[in-house]
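Letter by letter, the chains look like this.
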Amino acid sequence: MRNVSLTIEKGEIFGIVGSSGAGKSTLLRTINLLERPTQGQVLLEGRDITGLANAELRDQRHKIGMIFQHFNLMHTYTVWENITFALRAAKAPSSVIRQRVPEILELVGLSDKADAYTSQLSGGQKQRVGIARALANQPELLLCDEPTSALDLETSASILELLKAIHRKLGITIVIISHEMAVIKTICDRVAVMDKGEIVELGSVYEVFARPRHQFTKQLVERTFNFELPARALDITRGKILKILFLEENAEKPLLNEMALWYGVSVNILHGKIEYVAERPIGLLVVVIDGEDGALVDAINFLRSRAGNVEVLR
Amino acid sequence: MNELKGLLPDLAKAFGETFLMVGISGAFAIVVGLPIGFLLFATQKGIFWENKLANKVGNFLVNIIRSVPFVILLVLLLPLTQFILKTTIGPNAASVPLSFASAAFFARMVQAALCEVDPGVIEAATAFGTSPMLIIRSVLFREALPGLLRGFTVTIISLIGYSAMAGIVGGGGVGDLAIRFGYYRYKTDVMIITVIALIILVQLLQSGGDLLAVKSDKKAREGNQNSAKFLEVD
């Protein structure tokens, strides 16, 4: 990693996305100093923690929870013992432990699994135990290392829902890394895109999705929209093929209808979808328009002035 | 047959000597070898007490003891044995080199067992600010216990083999009995009986060790057997 500098606001859900080997895992581990930077500082609420060691570092880490792709639970421990372990690491007295563990189990919805061994749990339940363990010491910051990558789609969604609910309830700051834009899109407020050890793009999730600037980000977004046009569709159509990106309220307006009426062009939709990013719509349509040459140019200009982005594919 | 009956006291004495030697050196394996094994592991790259120099030195010392044939170690350590016990003869004296060998052997077994512990679990414990001593006690020791027990069984059985060579310094023991009576005096029946006795002893130890290891691993195993059932529910 080089020249990586970023500020994560208190109380936000911050995403770090990138392909494997891009350095996102290293960046996340730098925050709790599992990886020590060769140069630079880690500031937590304005305090430089880079130099902390031993007992001081351990005290700091009690205030930073972490969950992992492969859960990293102790398999000879029950669910109860796994959570207790984190509390014992922070030297919590047993009275606190007895009160805190049921509380936290209820928060993640595993009250009935307290005495189960982790090998008796499904992947989603294991990650819930991981979350419970990470939250046991009431941290101010939760680091999530690919928390859903080992889970199926449905379970992933439920884990992300749980993280969201915890964020609402506790107001905890969450940093989440993922190689999937889909995860970031569902849960994050802001995102940093990493490529080859550098942050290539940083901004609100909606902005990054709507107007990706870096080539790498464009690819990531493209893949998330899962937008591939069959070659046959391009062959058999006549006229101009346009890829139109509708942002914000434009996504919900009948722009194509207006265009067709005003300029007398025919419109045929080849492909389309509306995605909701951070609960704001982004619409993506591929259409064929046909008509007189002048009308076509005017129609495209009309769209350009109203919609977010128009790309002429052919 | 009478001759074999006459052998019984000798056999009993020999077993007593073997147990003494294996007992003493087995205790050293735990008291010295176990901590060394933990240190070798904990000073490895990426583990909480990472220390390249200490790890290199430790590995080198263990390798030295492990690479010297036991018969040679027995002779090499004679001056030390003389210094500690004021004698170089008898099962106690033979226990000195045996203890060195067993500590080094078991240290490697411990290190290997600890390397089997999921590194992610150690990383998680570190991330929660767990002190190294608590990681050793509550994570490493507990997660590696089946492996540690298996390693200890292997160590004890190797010690029985090593202790046969202790006859050279008058250590006695079952193996020594087999060599002296059975081999040097051409009493094949004595040799066969002692060998059978040793086979039974080793079988018993191995079964006992396996049983303990399985028992310590039981929770996790039971869990695995049940996991399919739980998955369906989810």
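By convention here, each chain's residues receive numbers from 1 onward along its written sequence. Here chains are named by letter from A upward and ligands by number from 1 upward, in the order in which they appear as written. The model is predicted, so local features are restricted to residues of pLDDT at least 70 and side-chain atom pairs to those at 80 or more, both for listing and for counting; the totals for chains, interfaces and linings are taken over all residues. Excluding hydrogens and water, the side-chain values take into account all heavy atoms of the structure.

What follows concerns helix 4 (residues 94-107) of chain A. All names here are of chain A. The end-to-end C-alpha distance of helix 4 is 20 Å, a good match for the 20 Å that 14 residues give at a rise of 1.5 Å each. Note on classification: 1.4 Å probe, protein chains only; a residue is buried when its accessible area is under 20% of the maximum for its type, exposed when over 50%, partly exposed between these limits. Each helix is a run of H or I in the DSSP string that is no shorter than four residues. Each strand is a run of E no shorter than two, and both are numbered from the N terminus. The set of residues buried in helix 4 consists of I97, R100, V101, I104 and L105. Residue contacts follow a heavy-atom distance rule, with two residues in contact if any of their heavy atoms lie within 4.5 Å. Packed against the buried residues of helix 4 are helix 3 (79-89) and helix 5 (123-135). Count one or two residues on from helix 4 and you reach G109, which has phi positive near 75 degrees. The length a helix should cover is 1.5 Å for every residue beyond the first.

Residues and elements named next belong to chain B. pLDDT: the predictor's confidence for each residue, scored from 0 to 100. For chain B, per-residue confidence averages 88 on the pLDDT scale, and residues scoring 70 or more make up 91% of the total. Helix 10 (residues 218-233) is the least confidently modelled element of chain B, averaging 46 in pLDDT, while helix 2 (residues 52-67) averages 96, the highest of any element. For residues 223-234, every residue scores under 50 in pLDDT, and the model assigns this stretch 11 contacts once sequence neighbours within four places are set aside. Predicted as a complex, the structure gets a pTM of 0.85 and an ipTM equal to 0.84.

All names here are of chain A. Centres within 6.5 Å make a pair out of two Phe, Tyr or Trp rings, where for Trp the six-membered ring is used; the pair is then stacked when the planes are under 30 degrees apart, edge-to-face when over 60, and tilted otherwise. Summed over the entire model, instances satisfying the criterion amount to 7 aromatic pairs over all chains. A ring pair is formed by Y77 and F85, whose centres lie 6.2 Å apart and whose planes are at 90 degrees; its orientation type is edge-to-face. The exposure class of Y77 is buried, given its relative accessible area of 3%. Owing to a relative accessible area of 1%, F85 belongs among the buried residues under this scheme.

Let's shift gears to the pattern of salt bridges. Salt bridges are counted wherever a side-chain nitrogen of Lys or Arg sits within 4 Å of a carboxyl oxygen of Asp or Glu. For the coordinates displayed, the defined rule picks out 17 salt bridges over all chains. Taking the shortest distance from any N to any O, the salt bridge between E103 of chain A and R100 of chain A comes out at 2.7 Å. Of this pair, E103 of chain A and R100 of chain A both sit in helix 4, 3 residues apart, which is roughly one turn of the helix. Among the residues examined, E103 of chain A registers a relative accessible area of 37% and is labelled partly exposed. The salt bridge partner of D176 of chain B is R180 of chain B, with a shortest N-O separation of 3.0 Å.

Another point: the sheet that holds strand 11 (residues 280-290) of chain A. Residues and elements named next belong to chain A. Pairing between two strands is assigned when DSSP locates at least 2 bridges connecting them. What the 4 strands build is an open sheet, ordered 10-11-9-12; its pairing is antiparallel. At either end of the open sheet lies a strand with only one pairing partner, and these are strand 10 (266-277) and strand 12 (309-312). Each neighbouring strand pair of the sheet contributes to a mean axis angle of 15 degrees, computed without reference to strand direction. Bridge analysis of strand 9 (residues 240-247) against strand 12 gives 4 bridges, and the strand direction is antiparallel. Residue pairing in the sheet places L245 in a bridge with N309 of strand 12. Packed onto the sheet, helix 9 (residues 215-225) meets strand 9, strand 10 and strand 11 and runs at close to 105 degrees relative to strand 10. Axis geometry follows a simple rule: fit a line to the C-alpha atoms, using only the stretch in contact for helices, then measure angles between N-to-C directions, giving values from 0 to 180 degrees. Each of strand 9, strand 10 and strand 11 is contacted by helix 11 (residues 255-263), which is oriented at about 160 degrees to strand 10, the strand it contacts most.

This part takes up the pairing of strand 9 of chain A. On a regular strand, each side chain points to the face opposite its neighbour's, so the side chains alternate between the two faces of the sheet. Residue and element names in this part refer to chain A. Among the 8 residues of strand 9, 7 are classified as buried, and the element is accordingly described as predominantly covered. Pairing of strand 9 with strand 11, which is carried by 8 bridges, proceeds in the antiparallel orientation. The partner of K240 across the bridge, within strand 11, is I289.

What follows deals with the interface of chain B and chain A. With 28 residues of chain B at the interface, the matching set in chain A holds 28 residues. Between chain B and chain A, roughly 2600 Å² of surface is buried when both sides are summed, and carbon and sulfur atoms account for 58% of that area. Here the quantity called buried area is the total loss of accessible area, with a 1.4 Å probe, experienced by two parts when brought into contact, counted for both. Summed over the three residues of chain B that lose the most area to chain A, namely F128, R142 and E143 of chain B, the buried surface amounts to 26% of that side. Inspection of the chain B/chain A interface yields 2 salt bridges.

Quick look at the sheet that holds strand 1 (residues 13-18) of chain A now. Residues and elements named next belong to chain A. As summarised here, the arrangement of the 6 strands in space is 4-5-6-1-7-8, forming an open sheet in which the pairing is mixed. Where the open sheet ends on each side, the last strands, each with one partner, are strand 4 (64-67) and strand 8 (198-204). Going from strand to strand, the sheet's axes swing by 15 degrees on average, the running direction of each strand aside. Pairing analysis gives 5 bridges linking strand 1 to strand 6 (residues 173-178), with the strands arranged parallel. Directly across from I16, in strand 6, lies its bridge partner I177. Running over the sheet, helix 6 (residues 153-170) touches strand 1, strand 4, strand 5 (141-145) and strand 6 and is turned about 160 degrees from strand 6.

Moving on: the packing of helix 5 (residues 91-115) of chain B against helix 7 (residues 132-164) of chain B. Residue and element names in this part refer to chain B. Following both chains from N to C, one finds helix 5 and helix 7 inclined at 150 degrees, their axes separated by 8 Å at the closest point. When the axis of helix 5 is compared with that of helix 7, the two are roughly antiparallel. Considering only the axes of helix 5 and helix 7, their crossing is right-handed. The residues of helix 7 that touch helix 5, namely those facing L98, A101, S102, F105, F106, M109, V110, A113 and L114, are L140, A144, G147, L148, G151, F152, V154, T155, S158, L159, Y162 and S163. Under this scheme an angle from 65 to 115 degrees is roughly perpendicular, one under 35 degrees roughly parallel, and one over 145 degrees roughly antiparallel; angles in between are oblique. Handedness of a crossing is defined here by the sense of rotation of the near helix relative to the far one, left-handed for an anticlockwise turn of less than a right angle and right-handed for a clockwise turn.

Turning to the pairing of strand 5 of chain A, a few remarks are in order. All names here are of chain A. Extensive coverage of strand 5 is indicated by the burial of 5 of its 5 residues. Burial along strand 5 is two-sided: the residues L141, L143 and D145 and L142 and C144 are all buried. Bridge analysis of strand 4 against strand 5 gives 4 bridges, and the strand direction is parallel. Opposite I67, over in strand 5, you have C144 as the bridge partner. In this sheet, strand 6 lies alongside strand 5 in parallel orientation, the contact comprising 5 bridges. Within the sheet, the bridge partner assigned to L143 lies in strand 6 and is V175. The path from the first strand over the helix to the second decides the hand: if it runs clockwise while the strands point away from the viewer, the crossover is right-handed. The parallel pair strand 5 and strand 6, bridged by helix 6, forms a crossover whose chirality is right-handed.

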